[in-house]
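Observations on chain architecture
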Amino acid sequence: MKQTLVRLVRARRPERDVEALLPPLQLYRSILRAHVHHLPVEVRFMGDEYVKAEFKAHKNIDNPLHIVGFLTEWQDYLRSLEKGSWSEGKLTKQELDKMSPEQIGQLYELMQATKKIGQESDE
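As a starting point, this report considers the structure included with it. Predicted, not measured: the structure shown is a model, and the values here were computed from it. (Residues numbered from 1 in each chain as written. Predicted model: local features only at pLDDT ≥ 70, side-chain atom pairs only at ≥ 80, totals over all residues. Heavy atoms only, no water.)

1. A few points about helix 4 (residues 64-83)
Note on helix geometry: an α-helix contains 3.6 residues per turn, so any two residues three or four positions apart are oriented the same way. Our working definition: Think of it this way: any DSSP run of H or I at least four residues long counts as a helix, any run of E at least two long counts as a strand, and we number them from the N terminus. Helix span, expected: 1.5 Å multiplied by one less than the number of residues in the helix. For every residue, the accessible area obtained with a 1.4 Å probe (protein chains only) is divided by the maximum for its type, and the residue is called buried under 20%, exposed over 50%, and partly exposed between those limits. Residue contacts follow a heavy-atom distance rule, with two residues in contact if any of their heavy atoms lie within 4.5 Å. Under the rule applied, a polar contact is a pair of N or O atoms within 3.5 Å (in protein, one hydrogen donor and one hydrogen acceptor; residues adjacent in sequence only if both atoms are side-chain atoms).
Across its 20 residues, helix 4 extends 28 Å between first and last C-alpha, which sits within 8% of the 28 Å expected from 1.5 Å per residue. Looking only at helix 4, the buried set comprises Phe 70, Leu 71, Trp 74, Gln 75, Leu 78, Ser 80 and Leu 81. Where helix 4 is buried, its residues meet helix 2 (24-38) and helix 3 (41-57). At the N-terminal boundary of helix 4, the capping side chain belongs to Asn 63, with an oxygen 2.9 Å from the backbone nitrogen of Leu 65. Within two residues after helix 4, Gly 84 carries a phi angle of roughly 85°, on the positive side.

In structure tokens:
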């Protein structure tokens, strides 16, 4: 009888309204496939190279928090590609404050590269 009481009193896990993370290889392949279907030809190569470089750079990470954060952000990117909202994405001040100086430098380089592509396509 005590087991029944313990089972009734024990707190249950809260229900999460978040989909499960995809395994890294499946996520990587899904992103590259989404690039084929959802990105313009002009930016597809740059997007593919960036994804490949990021996944390669994070291949040997052991910290579970970094792994979960990395996969979560890339899965959010995949969802935005599939919804078609990837080109309207904006960074909030909080997101910028969380970035390291190295990440801000990479973001700046990416901005310069996309501006260059945009100017070439206008000509």
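2. Observations regarding the packing of aromatic side chains
Here is the rule we go by: Pairing of aromatic rings covers Phe, Tyr and the six-membered ring of Trp, with a centre-to-centre limit of 6.5 Å; geometry is then stacked below 30 degrees between planes, edge-to-face above 60, and tilted otherwise.
Here the structure, examined in full by the defined rule, presents six aromatic pairs. Between Tyr 50 and Trp 74, the aromatic rings sit 6.1 Å apart at their centres with planes inclined by 45°, giving tilted as the arrangement. With Tyr 50 in helix 3 and Trp 74 in helix 4, this pair connects stretches of sequence that are 24 residues apart. Of the residues examined, Tyr 50 reaches a relative accessible area of 34% and is grouped as partly exposed.

3. Quick word on the layout of surface pockets
Stated formally: Residues are called lining when one of their atoms sits within 4 Å of a cavity or pocket point, these points coming from a 1 Å grid over the protein atoms alone, where a cavity is a set in which a 1.4 Å probe fits but cannot get out and a pocket is an open set with protein on both sides within 12 Å along at least five of seven lines. Grid points are joined across faces, edges and corners, and a volume is the space filled by probe spheres set on the points. Note on residue classes: Ala, Val, Leu, Ile, Met, Phe, Trp, Tyr, Cys and Pro are nonpolar, Asp, Glu, Lys and Arg are charged, and everything else, Gly too, is polar.
Roughly 1,800 Å³ of internal volume is contained in the largest pocket. Along the walls of the largest pocket sit 36 residues, with Tyr 50, Tyr 77, Leu 91, Leu 107 and Leu 110 positioned nearest its centre. Secondary-structure elements contributing two or more residues to the lining of the largest pocket are helix 3, helix 4, helix 5 (93-98) and helix 6 (101-122). The element that contributes the greatest number of residues to the lining of the largest pocket is helix 4, accounting for nine residues. Here the residues of the lining of the largest pocket are counted per class, giving 16 nonpolar, 13 polar and seven charged. Volume-wise, the second largest pocket comes out at about 250 Å³. Lining the second largest pocket are 13 residues, with Pro 24, Phe 55, His 58, Lys 59 and Phe 70 positioned closest to its centre. Of all the elements in the fold, those that place two or more residues in the lining of the second largest pocket are helix 2, helix 3 and helix 4. For the lining of the second largest pocket, the element with the most residues is helix 4, which contributes four residues. Tallied by class, residues from the lining of the second largest pocket come to eight nonpolar, two polar and three charged.

4. Overview of the pattern of salt bridges
Under the convention used in this document: Take a side-chain nitrogen of Lys or Arg and a carboxyl oxygen of Asp or Glu: if they are within 4 Å of each other, that pair is a salt bridge.
Counted according to the given criterion, the structure contains two salt bridges. Between Arg 79 and Asp 76 there is a salt bridge, and its shortest N-O distance comes to 2.9 Å. One end of the pair, Arg 79, and the other, Asp 76, are both in helix 4, three residues apart, so they sit about a helical turn from each other. Exposure remark for Arg 79: the relative accessible area of 28% places this residue in the partly exposed category. Judged by relative accessible area, which is 31%, Asp 76 ranks as partly exposed. Here Asp 97 ties to Lys 93 by a salt bridge, and the two come within 3.4 Å at their closest N and O atoms. Within this pair, Asp 97 and its partner Lys 93 are both found in helix 5, separated by four residues, close to a single helical turn. On the basis of relative accessible area, Asp 97 is assigned to the exposed category, the value being 53%.

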